[in-house]
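Each chain, written out:
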Amino acid sequence: MIKIPELKIGNLIAKLPIIQGGMGVGISMSGLASAVANTGGIGVISSVALGMLEHASKKSYREDNKIALRREIRKARKLTNGVIGLNIMVAISDFDEMVKLALDENVDILFLGAGLPLKMPEGISADYLKKMHTKVAPIVSSGRAAKLIFKSWDKHFAHIPDAVVVEGPLAGGHLGFKPEQIDDPEFTLENIIPDVCEAIESFEDKYDKKIPIIAAGGIYNGDDIYKFINLGASGVQMGTRFVATDECDADVEFKNQYIKCKKEDIVIIQSPVGLPGRAILNDFLTDVKAGIKKPFRCPWKCLKTCDFKTSLYCIANALMKAKIGELKNGFSFAGANAWRIDKIIPVKELMDSLVREFATAELRTECSWMLNF
Ligand SMILES: Cc1cc2nc3c(=O)[nH]c(=O)nc-3n(C[C@H](O)[C@H](O)[C@H](O)COP(=O)(O)O)c2cc1C
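These remarks concern the structure in this document.

So, how was this worked out
- Residues numbered from 1 in each chain as written.
- Predicted model: local features only at pLDDT ≥ 70, side-chain atom pairs only at ≥ 80, totals over all residues.
- Heavy atoms only, no water.
- Phe/Tyr/Trp six-rings, centres within 6.5 Å; stacked < 30°, edge-to-face > 60°.
- Helix = DSSP H or I, 4+ residues; strand = E, 2+ residues; numbered from the N terminus.
- Buried < 20%, exposed > 50% of the residue type's maximum accessible area, 1.4 Å probe, protein only.
- Salt bridge = Lys/Arg side-chain N within 4 Å of Asp/Glu carboxyl O.
- Arc of directions from axis to C-beta.
- Contact = heavy atoms within 4.5 Å.
- Polar contact = N/O pair within 3.5 Å; in protein donor to acceptor, adjacent residues only side chain to side chain.
- Core = buried A, V, L, I, M, F, W, Y, C linked by side-chain atoms within 4.5 Å.
- Axes fitted to C-alpha atoms, helices over the stretch in contact; angles between N-to-C directions.
- Left-handed = near helix turned anticlockwise from the far one by under 90°.
- Nonpolar A, V, L, I, M, F, W, Y, C, P; charged D, E, K, R; others polar.
- Near = heavy atom within 4 Å.
- Areas by Shrake-Rupley, 256 points an atom, 1.4 Å probe, with all protein chains shown as cover.

### Some words on the packing of aromatic side chains
Turning to step 1, where the next piece is worked out: Counted under the stated rule, the structure contains nine aromatic pairs.
Turning to step 2, where the next piece is worked out: For the pair phenylalanine 150 and phenylalanine 203, a centre-to-centre distance of 5.7 Å together with 50° between the ring planes defines the contact as tilted. Residue phenylalanine 150 is found in helix 5 (residues 143-157), and its partner phenylalanine 203 is found in helix 6 (residues 189-207); the two are separated by 53 residues along the sequence.
Turning to step 3, where the next piece is worked out: Look at phenylalanine 150 and you get buried, because its relative accessible area is 1%.
Turning to step 4, where the next piece is worked out: Overall, phenylalanine 203 belongs to the buried group, its relative accessible area being 6%.

Structure follows, in structure tokens:
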């Protein structure tokens, strides 16, 4: 039997090279992350705006975020002995506090996206970074971004990140591309990966450290995993497929959007965060597109880059409403391939099918090679 390779990030080993991408608000919490980790992949909790799901206090948003995040990490730890990661958006106002909390809780790996993690929070020394258990993987969409991060870490810490997630334009959620780049063949994931490999090569040599590349965005089945591993990736990060699972932490109405949507319903929006994003078109987004304001009060500017004075809606609130199934007051982010999903299945069934498809893809390639010999 042909075996899918394990994923090694320094001394951290996942039996399967499959990372479940962090999905906010509240889409990947302890339930989904632990289910993925239990099957041998890396389960990732999204830290963004978890405090909004707390009912205890309406005023202390920062504190609520910390309380909810700590609870989710600990809950996940109780549910699995597997690898648990945390996704933190660089653009959030409490980025420093979230990172410190994650390190304090000793999560296995941090995925830092939606901005460039050029530095770590004040108080985290180079020495600490080098010795800590937690691995760090920035999420980038270009070789240029990877180079900027690695150069900055090299300069400030004499140390480099442990892995890099390369997210292409087919991903769900916020995208690290200009709108005109999204459909430009020059910016496909297949084209960006070699750029990122080239950008970090000299740092791998300097630190004598192998930096695994993780491919993300539009990866749907085991054939795709096989393809990207053959292109030089050590693993993949998938988001969309994990939404349509029993264990995904979103309301079933959120998941049903994925089952019901057609290809033409998956659209690019301009998010108040200042980035384009991929989502499923619904009445809420149609109203916003028509310039209809969705009244909100911004209690604490949770995103550094949010232009809340001119924004027609609060994205954190809209995503939180979608998570709890109130789709009329929000919308769901989704990857370009969400329309291909037709049922909600257990995580184990999804992971087993990915592994099986990977083995078949490998067998197919070997057979065609032998036939041509
Ligand atoms: C519903 C949803 C929410 C997401 N939220 C986040 C997030 O909070 N932070 C982040 O870095 N990426 C986020 N992503 C991106 C995923 O982590 C992942 O990289 C991406 O979905 C991979 O592409 P795929 O969906 O085609 O598999 C989100 C994606 C989806 C579908």
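### Focus: the pattern of salt bridges
Turning to step 1, where the next piece is worked out: On inspection of all chains with the given rule, the structure shows 17 salt bridges.
Turning to step 2, where the next piece is worked out: The salt bridge involving arginine 70 is made with aspartate 104; its shortest N-O contact spans 3.1 Å. Here arginine 70, found in helix 2 (residues 61-79), pairs with aspartate 104, found in helix 3 (residues 95-104); they are 34 residues apart in sequence, far enough to count as distant.
Turning to step 3, where the next piece is worked out: Note on arginine 70: relative accessible area 27%, which makes it partly exposed.
Turning to step 4, where the next piece is worked out: The partner of lysine 321 in a salt bridge is glutamate 326, and the shortest N-O contact between them spans 3.9 Å.

### Looking at helix 9 (residues 252-260)
Turning to step 1, where the next piece is worked out: When helix 9 is considered as a whole, its buried residues turn out to be Phe254, Lys255, Gln257 and Tyr258. The arc that holds the buried residues of helix 9, viewed along the axis, is 140°, so those residues lie on one side.
Turning to step 2, where the next piece is worked out: Considering only its buried residues, helix 9 is in contact with helix 8 (240-243), strand 13 (276-280) and helix 11 (315-323).
Turning to step 3, where the next piece is worked out: For helix 9, the N-terminal capping position is held by aspartate 251, with its side-chain oxygen 2.8 Å away from the main-chain nitrogen of glutamate 253.

### Focus on the nonpolar core
The tendency in soluble globular proteins is for nonpolar side chains to be buried side by side.
Turning to step 1, where the next piece is worked out: Ile88, Leu110, Met120, Ile225, Phe242 and Phe331 are the most contacted members of the largest nonpolar core, which has 112 residues in total.
Turning to step 2, where the next piece is worked out: The biggest single contributor to this core is helix 6, with seven residues.
Turning to step 3, where the next piece is worked out: What leucine 110 contacts, discounting residues up to four positions off in sequence, is Leu86, Ile88, Val99, Ala102, Leu103, Met120, Thr134, Lys135, Val136 and Ala137.
Turning to step 4, where the next piece is worked out: Formed by 16 residues, the second largest nonpolar core is a distinct cluster that contains Leu7, Ala14, Val44 and Ile214.

### So, the packing of helix 1 (residues 30-38) against helix 2
Turning to step 1, where the next piece is worked out: Closest axis-to-axis distance for the helix 1/helix 2 pair is 9 Å, and the angle between their directions is 35°. Here the hand of the crossing between helix 1 and helix 2 comes out right-handed. Residue-level contacts link Ser30, Ser34 and Asn38 of helix 1 to Glu72, Lys75, Ala76 and Leu79 of helix 2.
Turning to step 2, where the next piece is worked out: Residues that form the contact of helix 1 with helix 2 fall into these classes: two nonpolar, three polar and two charged.

### Digging into unusual backbone geometry
Turning to step 1, where the next piece is worked out: Note the cis peptide between glycine 24 and valine 25, where omega equals -5°.
Turning to step 2, where the next piece is worked out: On the secondary structure map, valine 25 appears in the loop between strand 3 (18-20) and helix 1.
Turning to step 3, where the next piece is worked out: Backbone geometry at alanine 49 places phi at a positive 55°, although glycine is not the residue there.
Turning to step 4, where the next piece is worked out: Mapped onto the elements of the fold, alanine 49 is located in the loop between strand 4 (42-46) and helix 2.

### Focus: the site of the ligand
Turning to step 1, where the next piece is worked out: Contacts to the ligand come from 21 residues, most closely from Gly22, Glu167, Gly218, Gln237 and Thr240.
Turning to step 2, where the next piece is worked out: Separating an oxygen atom of the ligand from a backbone N or O atom of glycine 22 is a distance of 2.8 Å.
Turning to step 3, where the next piece is worked out: One nitrogen or oxygen atom from the side chain of glutamate 167 is found 2.5 Å from an oxygen atom belonging to the ligand.
Turning to step 4, where the next piece is worked out: Relative to its unbound accessible surface of 600 Å², the ligand loses 94% to contact with the protein.
Turning to step 5, where the next piece is worked out: Residues of the shell around the ligand, tallied by class, amount to nine nonpolar, 11 polar and one charged.

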